[in-house]
Every structure is written in structure tokens, then in C-alpha cells.
Amino acid sequence: LVSDLEKFSPDSLSVPEFRSGTDYTIFSKLSNHQRLGEPDATSWNLDLQREFHMTDDAALYHPKKTRGLVPLVEGKQFHQFIYPFAEFRYWVDPTVARAALVSARLKKIKALAEERNVTAAVKAQDLSLDYQSYRLAFRDVASSTNERTMIATVLPPNVFCPHTVSLEVVFHDTVAGGALQLNRQALALVQRLYLVSVLNSFVVDFQLRQKVTAHLSFFFLYQLPIPRLAETDSAFRPLVERAARLVGTTAEFDDLLKEIFGAKATHHTHGERTPEGRARLRADLDGLVARLY
């Protein structure tokens, strides 16, 4: 039915491939939730971007780690809730990378100010950049024949990514009340952890396998129906805490764990590193997310 296509894929009317009537029934029920790309003034929202390009920005990448350089994180170097997952191939000078990002950001701010007819006397030091924060990331390269189609995690601060990694936009610049507002954050850390727990779930994987072939573009993610729970919802905190324990297994995530569990939390006390413990938490998350739908 056309009404079903409008419900499943409102932007493209693409036809999902169902192997059974049961698949159709499940997919229909999942699609009752608001899509991730639909703006919601009453809740949290997600915007996506890519940071650098593997070829166009190759001059930024160093094949050997030397003092002061930080990792370039490619898609194969993280897995579901796991960072790092593989050895890094390239390293980046954060000063040079920041300069490139600041230049692009200032151009966007200037265009925004001109469009909205506001003053934009912005200096580089006024800007908070996304690499300075924890942020959601997922692999661009995907396939319905892989063990999992969606591979997402939360990356620590002070790493950069090429175009094979899709990233959350952490800091936004807007105009409100006739004035420029810099460095506005769309997601709190708890919302970021909630979202990664849902994206890595079996339920979301089921939905993506009906559509994705080789690449997991922004379009596919924005089309996902995702329950936008509030922090006050009783189902929210159990998901956040399990995701934090799966993500927070190295010292880079100690600040994340402290924000979730308290000032004494570290990757030693709260990070789950054993295969058995991680499998149990993953199974918990799959069940809890399925219940949301």
C-alpha cells in the first residue's frame, strides 16, 4: 500500500524487502515512532556531519606517531561500544587540524550572520570544536551481510576522523533573540549514551538490513524511527548506565564515567572488560530496547 510506503520511507518511498509477513508486521510497528531526522522542539535532536576526507585532506595525516600527534580514527578502528578496536594507521597534529576546522566554521558563522542580519565578531578562541568533546560516531561502510550493519560508539575527546566515519555535530551556532549564539549543544552526554545503546541494538539492525547495501549514509540514519525518551523516563537510565560501562573501558572515558556514576568512578571500577560481562550487558540492552518499541 502507498500509505505503508509513506510510513516506512516518507522521504524516498523506497520499498523494503520483507522475507515474511511477520517481518512486515514488526517493521510496521517499529515505524510508529518519530524518525530521527524529524526536528522536535520539545525533545533532543541529532545532526550529523563528516570531519575530514581521506584523500582531499591527506596532507594532514602522518603515518608515524610522534610527540604531540593524536589518532585519526577510521571506521575499522572502532566497533560497537568499543574504542579502540584496531591499530591506528595515521596521526594528526591537533593544532593544524583545529586551524582547518576553525576556518570552515568561521565561514559558516559569517554566512549565518549575513543571512539573519546579525553582527558576527567571532574569534577563533571563541569556538568550542567537536573534537574537544565526547561524540557519537558510526561507520559509513556497512553491509546487510555483515554480523551487524550498524557499528556505533562514543569516541573520546582529542581524536579526528575521515569521511569513512559519520559524526554527531556537538556544537551548533544559531541566532536567537537577534543575537548570535555560539557553541550550543544539542545532546547531553546521557542522551548520547542512550542513543548509542539504541543504534547498536538488534532492533535497529533489523530495520537497517531491509534497506542498506554497502554504505550507511546520513539518509538511512535520519529515516530510523527512534523513541526519544526523556531523562525522567524510567527506561532511560538503565540503558545509559549499561552503555557507559560498555564504552568506558580506558582512561580516556574516566570523565564520562564520573558524569554518569559519580566522582569516584573510573574505567577500573565501572568499565566492563570481560567477554562474559560485556555479552550480558549487550543482551540486556537488546531486550530493553526491544521493550521500548
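Above this text is the structure in question.
Overview of the structure. As the structure is a prediction and not an experimental result, all values here were calculated from the model.

Let us now look at the overall build of the protein. A count of helical and extended segments in the protein gives ten helices and nine strands. Taking 293 residues into account, the globule formula puts the C-alpha radius of gyration at 19 Å, and the protein, at 20 Å, falls close to it. Here the C-alpha coordinates of the protein stretch approximately 55 × 50 × 40 Å along the principal axes. Taken across its 293 residues, the protein has 48% of its residues classed as buried. Taking as baseline every contact in the protein between residues at least 6 positions apart, the subset at least 24 positions apart corresponds to 72%.

Looking at where Glu272 falls in the secondary structure, it is placed in the loop between helix H9 (267–270) and helix H10 (275–292). Within the structure, the side chain of Glu272 is placed 2.7 Å from the side chain of Thr274, a separation counted as a polar contact. Not counting chain neighbours up to four residues away, the residues in contact with Glu272 comprise Arg245, Thr249, Gly277, Arg278 and Leu281.

Sheet strands pair by backbone hydrogen bonding; their relative direction is either parallel or antiparallel. With antiparallel pairing, the four strands of this open sheet are ordered in space as E1-E7-E5-E6. Edge positions in the sheet fall to strand E1 (48–49) and strand E6 (152–155), since each has one partner strand and no second. Relative to strand E7 (residues 165–168), strand E5 (residues 135–139) runs antiparallel, the two sharing three bridges. Pairing of Arg139 across the sheet is with Val165, part of E7.

Right, let's talk about the nonpolar core for a bit. In terms of nonpolar packing, the biggest core is built from 62 residues, with Leu193 and Ile226 touching the most fellow members. It is helix H4 (residues 189–199) that provides the largest number of residues to this core, a total of eight residues. Residues contacting Ile226, with those up to four places away along its chain left out, are His33, Gln34, Leu36, Trp44, Leu195, Val198, Leu199, Val204 and Tyr293. With 21 residues, the next largest nonpolar core counts Val92, Leu101, Ala113 and Val175 among its residues.

Turning our attention to the environment of Tyr131. Relative to the elements of secondary structure, Tyr131 occurs in the loop between helix H3 (94–116) and E5. Taking the C-alpha atoms as reference points, Tyr131 and Pro157, separated by 26 residues in sequence, lie 5.5 Å from one another. With near-sequence residues (within four places) excluded, Tyr131 lies in contact with Glu51, Arg98, Leu101, Pro157, Asn158, Val159 and Phe160.

At the junction of Tyr83 and Pro84, the peptide bond is cis and its omega measures out at -5° in the coordinates. Within the element layout of this structure, Pro84 appears in the loop between strand E3 (70–71) and strand E4 (91–92). We note that Asn158 has phi near 70°; this positive angle belongs to a residue other than glycine. Its location among the elements puts Asn158 in the loop between E6 and E7. Positioned with a positive phi, Asn183 is a non-glycine residue whose angle comes to about 60°. Its location among the elements puts Asn183 in strand E9 (residues 179–185).

Calculation rules
- Sequence order as written defines residue numbering, which begins from 1 separately in each chain.
- A pLDDT threshold of at least 70 governs which residues receive local features in this predicted model, and a stricter bar of 80 or more applies before side-chain atom pairs are shown or counted, although totals over entire chains, interfaces and linings include all residues.
- To get the side-chain values, take all heavy atoms of the structure and skip hydrogens and water.
- Helix and strand definitions here come from DSSP, where helices need a minimum of 4 consecutive H or I residues and strands a minimum of 2 consecutive E residues; each element is numbered from the N-terminal end.
- Note on method: radius of gyration uses C-alpha positions; expected globular size equals 2.2 Å times residues raised to 0.38.
- For every residue, the accessible area obtained with a 1.4 Å probe (protein chains only) is divided by the maximum for its type, and the residue is called buried under 20%, exposed over 50%, and partly exposed between those limits.
- When checking whether two residues touch, look at their non-hydrogen atoms; a contact exists if any pair is within 4.5 Å.
- Under the rule applied, a polar contact is a pair of N or O atoms within 3.5 Å (in protein, one hydrogen donor and one hydrogen acceptor; residues adjacent in sequence only if both atoms are side-chain atoms).
- Only when DSSP finds a minimum of two bridges between them are two strands counted as paired.
- The nonpolar core is taken to be a set of buried Ala, Val, Leu, Ile, Met, Phe, Trp, Tyr and Cys residues, with the residues joined through side-chain atoms within 4.5 Å.

Keep in mind that these numbers describe shape and distance, not what the molecule does.
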